[in-house]
Amino acid sequence: MPVTFGSILFACLIFIVMMQGSVLPQKSLDSKTADSVFKIVDIEQETNDGYIYTIKTSKINLPDSPQNIKIKMKTQAKLPADYYDDIYAKISFYSYTDNAFDSYGDYADGIYIRAKLVSLDDITEDTKPPSYYILMLRTKIKEILTDDFDKENAGLAFSLLTGDKSILDDSIRNDFRVCGISHMIAVSGLHITLICLLIYYLLKFMNAPPLLSTSVTFMVMIVYIGVSGYSKSALRAGIMIAVMLTAKLVNSKADTLNSLGFAVLIMCLNPFAVTDAGALLTVTSVLGLCVIKPAYDEVLRPNNKLLCYLYDGVFTAISVLLSTLPVCWLLFKRLSLVSLFLNIICIPIMQIALVSVLLLGIFYAVPYLAFLPKHIADFTLGLLINVSDFCDDKFSVLYLDISDEIIGVAIAGLLLFTGISLLVSNKVNIKIISAFTVIIFSVAAVFSAYNYKNNAYVCVSSSGAAIVYDKDSAVILGADSKGDNYFIDDTLSVRNFDNVLVLDSDFCREDIMEAFPNADFDAFTDSEYMLCDHITVKYNTDVIFVSVYDKVFKIDDDCVTIGEYNAYRNIYEKFNESSDLVFIVAENANMQVKKER
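Read on for a plain summary of the structure.

### As for the environment of Ala208
Thought 1: Structurally, the position occupied by Ala208 is in the loop between helix H5 (189-205) and helix H6 (210-227).
Thought 2: Overall, Ala208 belongs to the buried group, its relative accessible area being 17%.

Shown next, in the form of structure tokens:
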């Protein structure tokens, strides 16, 4: 207990130092424009309206401004510069969130402010650091995969190998999310462990000395973490494997929980690491495998090998589901039950695909050696896509809404009971925890089914789109950017609609039609359109009125008005925050207003 409270105080101290020393000084640049010198330090991301670069400044020509900071910068055109060249330009800074959780991992990566390119002045070459060659390796991998596979398989292969989802099809990403297997497209312990074990035992098979095997494996691991973009989940896994490899050198056995604790300590020297969803999920997953799974094994593990394989698959998934439940409630508000069974099928397929893609990358210049890995990878990647698409289509009902506060209280009670059990008896009472969890899932299923049947929703995105939907029908208004596409996909993807009406969304027309084949664009024959029994849409002098359960929403270019409440569609300017406003309209009930990430 003293160590625990000491750790809390130490964490608070680190947080205060980071806020005062890094975050607030960078926030002071908000709304300022300055001549700057910077380098591109990561692969650019292409968007519909330009590019997003991750840059590191070496000079910002403003009085008392912070120097050597990391920024994400928007540009309209691709910069004619190589990685780590010195770029002289004028950039305009802006703050996009005051909350680390709403930064979508930027705070965890040390990015606290963003910028726009105003003008480009000059570019000069500079000496390239080792990280330059890792970036070039990542770029080469991307080229190989896009040349050898079709668009869908190439995007999935690149995500599996590097965790980079920039070329992954949105529909595949959504299928993986709904099915609860998104961890496969984020480099984590599963990926790094598989690759390190492959290298280590290959060298051991070749009778390499232990020191050489360990050193080579360690170097491969460092390069692979760099290729993955130094994600928090990859760093956590890398630190744990480094501890394991060191233990092998000294003929000792690494304790998994202590290794996890050491990895978390190193990660949390950046206090915003705890706002990274990947970091939270990977740490809690390992915790579940180390604490909950052994408790199940003591009570239920069978002796039969076939039954044992099935048992391990199911109860590994259950253990991870239990341990990640608080993170799912906190960050995602949804939970996939189909993942309990789908992981048993997909993880072995994913492992074969990952090894095949890796071998293809190594032997791509030798056609005879690359032939077999390419075709195995092509088959397994297609299989993953088809399985996830089928499960998304047939079992999306198992994607539960756990956003209700009652569910949060129940999860808190479960955590409290587990903590007390560990303190008192040094183990968890798995029977009581399982019973408690069944109750939580049952309550969540009841709430989810009730909300699905009886509620309509009005969502206003931070990028400008408004969506009105119930269990059967949806109205999409003003979706005119890639950000709106993501918002629509995330909001509506787990439902099958009989009717979809799309207004003022020509920019996203193709993407929406692909996601919703039955979508009707601008279907007004007069000033009124009845979408279903619950939703009616009316036009009146460029203002749209949507009636849901006799409650009228006025939607124009500026805001959504419900009674006296105004929800501004441009939330960045009006509220300076990036949360989406969600209005829940229950039949024969008062309207609720809340904010969701």
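### Observations regarding helix H2 (residues 130-148)
At 3.6 residues per turn, the α-helix brings residues three or four places apart onto the same side.
Thought 1: For H2, spanning 19 residues, the distance from its first C-alpha to its last is 28 Å, which sits close to the expected 27 Å at 1.5 Å a residue.
Thought 2: Listed in full, the buried residues belonging to H2 are Tyr132, Ile134, Leu135, Arg138, Thr139, Ile141, Ile144 and Leu145.
Thought 3: Summarising the contacts, the buried residues of H2 are in contact with helix H3 (151-162), H6 and helix H11 (339-363).

### A short note on the packing of aromatic side chains
Thought 1: The final tally for this structure, using the stated rule, is 8 aromatic pairs.
Thought 2: Ring geometry for Tyr107 and Tyr112: centres 5.2 Å apart, planes at 85°, overall edge-to-face.
Thought 3: Judged by relative accessible area, Tyr112 falls into the buried class, the value being 4%.
Thought 4: Grouping aromatic residues by their ring pairs yields a cluster made of Phe15, Tyr107, Tyr112 and Phe272.

### Remarks on the pairing of strand E10 (residues 466-469)
Thought 1: Because side chains alternate across E10, one face comprises the buried residues Ala466 and Val468, and the other comprises Ile467 and Tyr469, equally buried.
Thought 2: Bridging between E10 and strand E11 (residues 473-477) involves 4 bridges; their strand directions are antiparallel. Residue pairing across strands places Ala466 opposite Leu477, the latter belonging to E11.
Thought 3: Here E10 hands over to E11 after 3 residues, the two strands then running antiparallel side by side.

### Some remarks on the pattern of salt bridges
Thought 1: The tally for this structure, following the rule as stated, stands at 13 salt bridges.
Thought 2: Close ionic contact of Lys72 with Asp106 constitutes a salt bridge, the shortest N to O distance being 3.1 Å. Of the two residues, Lys72 sits in strand E4 (residues 70-75) while Asp106 sits in the loop between strand E5 (86-94) and strand E6 (111-124), which places them 34 residues apart along the sequence.
Thought 3: Accessibility expressed as a relative area gives 1% for Asp106, which makes it buried.
Thought 4: With a shortest N-O distance of 4.0 Å, Asp82 and Lys128 are connected by a salt bridge. A residue pair is termed long-range when its members are at least 10 positions apart, and Asp82 in the loop between E4 and E5 and Lys128 in the loop between E6 and H2 qualify at 46 residues.
Thought 5: For Asp82, a relative accessible area of 27% puts it in the partly exposed group.

The rules behind each value
Residues numbered from 1 in each chain as written. Predicted model: local features only at pLDDT ≥ 70, side-chain atom pairs only at ≥ 80, totals over all residues. Heavy atoms only, no water. Helix = DSSP H or I, 4+ residues; strand = E, 2+ residues; numbered from the N terminus. Buried < 20%, exposed > 50% of the residue type's maximum accessible area, 1.4 Å probe, protein only. Expected span 1.5 Å × (residues − 1). Contact = heavy atoms within 4.5 Å. Phe/Tyr/Trp six-rings, centres within 6.5 Å; stacked < 30°, edge-to-face > 60°. Pairing = 2+ DSSP bridges. Salt bridge = Lys/Arg side-chain N within 4 Å of Asp/Glu carboxyl O.

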